[in-house]
Amino acid sequence: SACLITKTDTNPFFVKMKEGAEAKAAELGITLKSYAGKVDGDHDSQVAAVESCVADGAKGILIAASDTKAIVGPLAQAREARKPTEEEIRLATPR
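Rules behind the numbers
Residues numbered from 1 in each chain as written. Predicted model: local features only at pLDDT ≥ 70, side-chain atom pairs only at ≥ 80, totals over all residues. Heavy atoms only, no water. Axes fitted to C-alpha atoms, helices over the stretch in contact; angles between N-to-C directions. Helix = DSSP H or I, 4+ residues; strand = E, 2+ residues; numbered from the N terminus. Parallel < 35°, antiparallel > 145°, perpendicular 65-115°, else oblique. Contact = heavy atoms within 4.5 Å. Buried < 20%, exposed > 50% of the residue type's maximum accessible area, 1.4 Å probe, protein only. Pairing = 2+ DSSP bridges. Right-handed = clockwise from strand over helix to strand, strands pointing away.

(A) Broad picture of the packing of helix α2 (residues 43-55) against helix α3 (residues 72-81). Interaxial distance between α2 and α3 falls to 10 Å at its minimum, and their mutual angle equals 5°. One way to sum up the angle between α2 and α3 is to call them roughly parallel. Contact residues: V47, V50 and V54 in α2; P74, L75, A78 and A81 in α3.

Pasting the structure below:
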């Protein structure tokens, strides 16, 4: 399984992102769990979503972070909980 965590589930951009992720996940036979902040900037909900994804054993986490600095710790903990592949590291590394 994989998780998609967006800033909100009402912004049209993130609605389309979720639709595209769901379509690709279905095509690949991957279970996709989606999470979103209650409002833009809802960092606490995103942290809780990361923790849920780890607890559920998700193989990957796709995130549009509300607070890119504050999410580093929770994502590092998620990474430690499941060592990522080289491809996952490459895709997650900011350019």
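Alright, that's what it looks like, and here's the rest.
(B) The pairing of strand β1 (residues 2-6), seen in detail. The element β1 is extensively covered by neighbouring structure, given that five of its five residues are classed as buried. Looking at chain direction, β1 and strand β2 (residues 32-36) are connected through five bridges and run parallel. From the neighbouring strand, C3 faces β2, where its bridge partner is K33. Between the parallel pair β1 and β2, the chain is carried across by helix α1 (residues 12-28), and the sense of this crossover is right-handed. As paired strands, β1 and strand β3 (residues 60-63) are joined by four bridges and run parallel to one another. In the sheet register, A2 faces β3, and the bridge partner there is G60.

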